Amino acid sequence: MEYVRFRDVEDINLKDWLLKQGFTKVKVLQEGRKYAFPSLFSSDDKKWRFSVSLLDNGRWEWCDHTIGKGGNIIDLFMMLNSLPSGIEGRRQAAISILKGERITPSVKQEEITLQNHAISVLETFPLFTSEKGFISENLCKQRRISKDIASRFCVDVKYQYADLNFQYIGMGFKNDRGGYEIRNTLKRKEYNKVGCSPKWFTTIKSSVPSAKFIIFEGFFDFLSFVEYYQKELWLSRFNYIVLNTTAMARHTFEVLRGATEINTFLDSDNAGDEVTELYQSEFGEIVHDKRFFFHPYNDFNEFFQKEGCIETNKSVRLSYLSELKRQFQEGLTGRARERERVNQIKRA
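Here the structure is a predicted model, which is why all the values come from computation and not from measurement. (Residues numbered from 1 in each chain as written. Predicted model: local features only at pLDDT ≥ 70, side-chain atom pairs only at ≥ 80, totals over all residues. Heavy atoms only, no water.)

### So, the nonpolar core
As a reminder, the rule being used: Definition used in this section: a nonpolar core is a set of buried Ala, Val, Leu, Ile, Met, Phe, Trp, Tyr and Cys residues joined via side-chain atoms within 4.5 Å. Think of it in three bands: with a 1.4 Å probe and only protein chains considered, a residue is buried below 20% of the maximum accessible area for its type, exposed above 50%, and partly exposed in between. Note on conventions: DSSP H or I runs of at least 4 residues are helices, E runs of at least 2 residues are strands, and numbering of each starts at the N terminus. Note on definitions: a residue-residue contact is assigned when non-hydrogen atoms from the two residues lie within 4.5 Å.
Within the largest apolar cluster, 32 residues are counted, with the highest numbers of intra-cluster contacts made by Met171, Phe222, Leu223 and Phe300. Mapped by element, the contributors of at least two residues to this core are α5 (134-143), α6 (147-153), β8 (167-174), β12 (212-216), α7 (219-228), β13 (239-242) and α10 (300-307). Take this core: its biggest share by element is seven residues, from α7. Among all residues touching Leu223, those that are not within four sequence positions of it are Ile145, Ile149, Phe153, Cys154 and Met171. Counting residues in hydrophobic clusters, the runner-up holds 25 residues, among them Leu18, Phe41, Phe50 and Ile67.

Structural data, given as C-alpha cells:
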C-alpha cells in the first residue's frame with residue numbers, strides 16, 4: 001500500500017492548485033490569504049460563492065456557499081470525483097493530488113437540486129409566531145422536542161431561493177456568523193434541509209466558566225440532548241458546539257484550544273467516524289466518543305424519539321455513570337474504555 005501523509009497534502013496552496021486545475025477566474029479578497037471563485041457546483045458563474053482561505057494554522061480551507069459545504073483540498077477532490085468516504089477514499093484522493101492528477105468533475109450543473117441553490121433570509125420571527133408557525137410545531141412534535149426548549153434556541157425564518165419568486169417559512173437555527181440552518185416539511189414525515197450562508201458552526205456557552213465541551217452534528221441532536229437532560233444541574237456546566245455540517249469540524253479547533261474535556265455525540269456513520277478520529281488525532285486523550293450511549297440508533301435524536309424521556313431510561317444512565325466512576329478508580333483513560341465498549345457493542 002502506497003504511503004501518504006495527509007498533512008503534507010493539506011498544506012498545499014489551494015488557490016494555486018485550483019488555478020492549475022483550470023479554474024482561472026479568481027477574485028482577491030485579501031492578498032495571500034483569501035480568494036473567491038465562481039461556485040464549482042453551480043451554473044451561475046457571475047457570483048463568487050466559492051471561497052478559499054489560509055487559516056492561522058497555515059492550512060488552506062474552502063467553502064462553497066451555494067451548497068453550504070466546505071473542507072480541505074482532500075475533501076474537495078473527493079467531492080468532485082465522487083470518491084468513497086472513509087480513510088481509503090481520503091488516501092486515494094491524497095495520492096492523486098500529490099501525483100498532480102487533474103480532477104474529473106462528476107457533479108453536473110443541471111443536476112443541482114433546489115436545496116443547493118443559494119437562499120436569502122427575508123425575516124425572522126419568534127418560534128411558532130409566523131403565519132406558518134405550524135411548520136415548526138409539526139417538526140418539534142415529530143422530533144419530540146417541547147415548545148419551551150425549541151423556542152430557546154430556534155426561530156421561524158422566512159426565506160427565498162435565489163432567482164425564484166417563491167417564499168418559504170421554516171424552523172431556523174442560527175450559527176455564530178449569522179447564517180441559519182433551516183428545516184421545512186416537504187411532505188408528511190419528509191424534511192427539507194437548507195442553509196443560509198455564511199455556513200458555520202454554532203456555540204452555546206455554559207452559564208458558568210467551563211473548559212468542557214460537548215459536540216453534536218445537527219441541531220436536533222442538541223435539542224434532544226437538552227430535552228433529555230433538562231432537569232440535570234450539570235447541563236449548564238458544559239459548552240456546546242453544533243457543527244451544522246461535518247465540514248465545519250476543523251474550524252472548531254481554535255474554539256477548543258485549552259479544553260480539558262471534549263465529548264463527541266456524532267452520528268454513527270462513516271462521516272461521524274472520520275470526524276471523531278479527526279478530533280482524537282488533534283486533541284488526544286481528552287476526546288471521548290459517546291456514540292455508544294445511543295447505540296443502536298444513528299444519532300441522539302433518533303434515540304430520543306424511540307426511547308423517550310429520561311425517567312424511562314434512568315437505570316441505563318445511572319449504570320453508565322457508575323461505570324465511569326469505576327474506570328476512574330482503576331486509573332484507566334476514558335477514551336480507551338469507551339473504545340473497548342464500542343467494540344463490544346459492535347461484536348454483540
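Having put the structure on the table, let's press on.
### Thoughts on the side chain of Ser224
We apply this condition: For the purposes of these results, a polar contact is taken to be a pair of N or O atoms within 3.5 Å, where, inside protein, one atom must be able to donate a hydrogen and its partner to accept one; residues adjacent in sequence count only when each atom of the pair is a side-chain atom.
With respect to the helices, strands and loops of the structure, Ser224 is situated in helix α7. The exposure class of Ser224 is buried, given its relative accessible area of 0%. Only 2.6 Å separates the side chain of Ser224 from the side chain of Asn301, close enough to count as a polar contact.

### Considerations on the sheet that holds strand β3 (residues 50-54)
To be explicit about the condition: We treat two strands as partners when DSSP finds at least two bridges between them. Only the stretch in contact is used when a helix axis is fitted, and all axes are lines through C-alpha atoms; the angle between N-to-C directions ranges over 0 to 180 degrees.
Sheet architecture is open: five strands sit in the order β1-β2-β3-β4-β5, paired in antiparallel fashion. The open sheet has two edge strands, β1 (27-30) and β5 (69-71), and neither has a second partner. Mean inter-strand twist for the sheet, computed between neighbouring axes without regard to direction, equals 20°. Of the strand pairs in this sheet, strand β4 (residues 60-64) and β5 are connected by three bridges, and their pairing is antiparallel. Residue pairing across strands places Cys63 opposite Gly70, the latter belonging to β5. Set on the sheet, helix α3 (residues 73-81) makes contact with β3, β4 and β5; between it and β4 the angle comes to about 40°.

### A look at α5
Condition: For this quantity, the arc is that covered by the directions from the helix axis to the C-beta atoms.
By the burial criterion, the buried members of α5 are Ile135, Ser136, Leu139, Cys140 and Arg143. Take α5 and look down its axis: the buried residues cluster within an arc of 130°, on one side only. With its phi angle positive at about 65°, Arg144 sits one or two positions after the end of α5.

### Observations regarding the state of the cysteines
Cut-off, in case you're wondering: Our working definition of a disulfide is a cysteine sulfur pair at a distance within 2.5 Å.
Scanning the model with the defined rule gives zero disulfides in all. Here Cys140 stays unpaired: no disulfide links it, and the sulfur of Cys154, its closest cysteine neighbor, is 7.0 Å away.

### Digging into the pattern of salt bridges
The line we're drawing: Salt bridge, as used here, is a side-chain nitrogen of Lys or Arg placed within 4 Å of a carboxyl oxygen of Asp or Glu.
Per the counting criterion, the structure on display carries 19 salt bridges. Salt-bridge contacts for Lys147 lead to Glu137; the nearest nitrogen and oxygen are separated by 3.5 Å. Residue Lys147 is found in helix α6, and its partner Glu137 is found in helix α5; the two are separated by 10 residues along the sequence. Note on Glu137: relative accessible area 31%, which makes it partly exposed. Among the ionic contacts, a cluster of salt bridges with common partners joins Arg7, Glu254, Arg257 and Glu282.

### Observations concerning the packing of aromatic side chains
Formally: Here is the rule: rings of Phe, Tyr and Trp (six-membered ring for Trp) pair when centre to centre is within 6.5 Å. Planes less than 30 degrees apart are stacked, more than 60 are edge-to-face, and the remainder are tilted. In this scheme, the term charge over a ring applies when either NZ of a lysine or CZ of an arginine sits within 6 Å of the ring centre and within 35 degrees of the ring normal.
In total, this model carries 32 aromatic pairs according to the counting rule given. Above the plane of the ring of Phe220 lies Arg143, whose end atom (NZ or CZ) is 4.4 Å from the centre. Above the plane of the ring of Trp200 lies Arg177, whose end atom (NZ or CZ) is 3.5 Å from the centre.

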